[in-house]
Amino acid sequence: MKAVEVLGTKTNPEVTLNPAIPIPCPKKAEILIKVHAAAVTRDELTWEELWLRPVRIPGHDVSGEIAALGPDYKGDFKVGDEVYCMIHTFRGLGQAEYVIVEGEELAKKPKLLSHAQASALPIPLLTGWEAIFERAQVQKGWKVLVTGANGAVGVILVQMLSRVAGAEVIAVASPQNHEALKELGAHQVVDYNTPNWENSIKDVDVVIDTVGDPILAKTWKTVKSHGHVITVGPAPAAWEYGKGRPIEVDEFPNVKWLFFIVSPKRETLEKTAQLVDYGTIKPIDVELFSPDKAAQAHKSASVRGRKGKVVIEFVPEKN
Ligand SMILES: NC(=O)c1ccc[n+]([C@@H]2O[C@H](COP(=O)([O-])OP(=O)(O)OC[C@H]3O[C@@H](n4cnc5c(N)ncnc54)[C@H](OP(=O)(O)O)[C@@H]3O)[C@@H](O)[C@H]2O)c1
């Protein structure tokens with residue numbers, strides 16, 4: 001099968017297309033997916049887990065059909081089911097014509113979306129849900145500030161916060177995206193290019209950051225005492241589990257802080273697929289690349305100011 005493969009080093013990765021990787025065979029209760037489309041997440045080539053694998057095939061978000069079930073599989077999926085999946089961060093291997101997934105990593109894909117649109121959603125939907133409902137436990141009427149609000153995770157956060165959690169959303173993004181963010185439910189939009197933008201915002205219950213420093217560092221002063229700052233962006237070392245504490249804690253000792261890495265969860269993927277099908281959450285725009293343009297796709301995913309998510313299409317959609 002064809003698979004995207006990353007050669008080189010972590011500091012100088014080289015994205016290639018390998019046309020001769022063996023198709024994996026599902027063992028035990030594993031599930032084999034024929035991948036129609038696989039999304040590229042910004043910074044995924046810097047994730048430690050990719051560099052620990054003997055064959056470095058990136059890709060965690062895919063949409064496709066079930067091609068085979070392992071001999072011990074006892075669940076309710078059938079061969080031919082159309083599904084979308086988030087493959088756990090420590091496995092990946094999704095940017096390929098076939099990939100193995102586990103039962104918690106998939107759900108039926110949103111019915112109204114193409115595979116390309118569906119492949120852009122698992123990580124943003126799961127990250128948004130986990131941050132809002134499981135980590136921060138946002139309540140109706142809370143004031144929540146979202147950074148990187150125009151990014152893939154950001155646009156889902158804005159919609160989920162305003163339309164599902166009933167929060168008041170302050171979206172931090174460049175000005176060309178402000179109107180679109182208001183349409184998605186942002187109550188206030190803030191331009192991160194304005195010097196000292198953070199001074200104009202007060203008494204936020206929760207910050208959900210998708211950018212990391214220097215934006216993350218500025219958000220602390222917007223939060224009320226005993227509020228939360230949560231980041232999923234490229235985390236400063238002190239934020240990673242067990243490694244230390246952010247220096248901002250000295251100035252804001254009562255603010256809770258957290259960096260987390262999203263986990264796949266079938267129940268969440270099912271709930272959020274419904275939100276997409278009901279039209280509560282609008283899909284993310286996608287920019288399509290063929291597998292032989294994988295290097296270009298990865299380059300494009302890291303460009304600032306781009307809109308939507310980069311997707312590598314292995315089975316072109318029929319019109
Ligand atoms: N920990 C986890 O579990 C987890 C889960 C999902 C994603 N992530 C990470 O979270 C980050 C965001 O993911 P994504 O898919 O949403 O990426 P994305 O679609 O590329 O969006 C990134 C957003 O960040 C903004 N941004 C980047 N640098 C900025 C800066 N210096 N100042 C202000 N805004 C800046 C961009 O704004 P402009 O367009 O204006 O440049 C864009 O809106 C990535 O690093 C990704 O790897 C982590």
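Residues numbered from 1 in each chain as written. Predicted model: local features only at pLDDT ≥ 70, side-chain atom pairs only at ≥ 80, totals over all residues. Heavy atoms only, no water.

As recorded in UniProt, the sites labelled "domain: Enoyl reductase (ER)" (unreviewed entry) are residues 8-312. In this annotation, residues 8-312 is assigned 22% helix and 26% strand; the end-to-end C-alpha distance for the span is 21 Å. (UniProt positions renumbered as here; feature names shortened; annotations may be inferred. Helix = DSSP H or I, 4+ residues; strand = E, 2+ residues; numbered from the N terminus.)

Quick look at the sheet that holds strand β13 (residues 256-259) now. Pairing is parallel in the open sheet, where six strands are placed in the order β10-β9-β8-β11-β12-β13. Every other strand in the sheet has two partners, leaving β10 (188-190) and β13 as the edge strands with one partner each. Pairwise comparison of adjacent strand axes, ignoring direction, gives a mean angle of 15° for this sheet. By the bridge criterion, three bridges tie strand β8 (residues 143-147) to strand β11 (residues 204-209) in an arrangement that is parallel. Following the sheet pairing, V146 is matched in β11 by I208. Strand contacts of helix α3 (residues 122-135): β11, β12 (223-231) and β13, with the helix running at about 150° to β12, the strand carrying the most contacts. Contacts from helix α4 (residues 152-165) reach β8, β9 (168-172) and β11 within the one sheet, and its direction differs from that of β8 by about 170°. (Pairing = 2+ DSSP bridges. Axes fitted to C-alpha atoms, helices over the stretch in contact; angles between N-to-C directions. Contact = heavy atoms within 4.5 Å.)

Once that is clear, we can look at the packing of aromatic side chains. Considering all chains together, one arrives at four aromatic pairs under this definition. Here the aromatic rings of W220 and W239 are separated by 5.9 Å at their centres, their planes lie at 65°, and the arrangement is edge-to-face. One end of the pair, W220, is in the loop between α6 (215-219) and β12; the other, W239, is in the loop between β12 and β13, and 19 residues separate them in sequence. In textbook terms, an aromatic cluster arises when at least three aromatic residues are bridged by ring pairs, as seen for W220, W239, F252 and W257. (Phe/Tyr/Trp six-rings, centres within 6.5 Å; stacked < 30°, edge-to-face > 60°.)

The ligand sits among 25 residues. The nearest are R42, D43, Y192, V262 and R304. Residue S174 places a side-chain N or O atom 3.5 Å away from an oxygen atom belonging to the ligand. For the ligand, a nitrogen atom lies 2.9 Å from a polar atom in the backbone of F260. Out of a free accessible area of 920 Å², the ligand has 89% covered by protein chains. Within the residue set of the shell around the ligand, elements represented by two or more residues are α3 and α4. Residue composition of the shell around the ligand, grouped by class: 13 nonpolar, nine polar and three charged. Of the residues that make up the shell around the ligand, three or more belong to each of domain 1 (3-121 + 283-313) and domain 2 (124-259). (Near = heavy atom within 4 Å. Polar contact = N/O pair within 3.5 Å; in protein donor to acceptor, adjacent residues only side chain to side chain. Areas by Shrake-Rupley, 256 points an atom, 1.4 Å probe, with all protein chains shown as cover. Nonpolar A, V, L, I, M, F, W, Y, C, P; charged D, E, K, R; others polar. Domains from an automatic or database assignment.)

All right, on to the pattern of salt bridges then. Following the criterion strictly, the structure yields 15 salt bridges and no others. R135 serves as the salt-bridge partner of E130, at 2.8 Å between the closest nitrogen and oxygen. A relative accessible area of 6% means that E130 is categorised as buried. For D250, the salt bridge is made with R245, and the minimal N-O distance between the two is 3.2 Å. Several salt bridges converge on common partners, so that one network encompasses D76, R266 and E270. (Salt bridge = Lys/Arg side-chain N within 4 Å of Asp/Glu carboxyl O. Buried < 20%, exposed > 50% of the residue type's maximum accessible area, 1.4 Å probe, protein only.)

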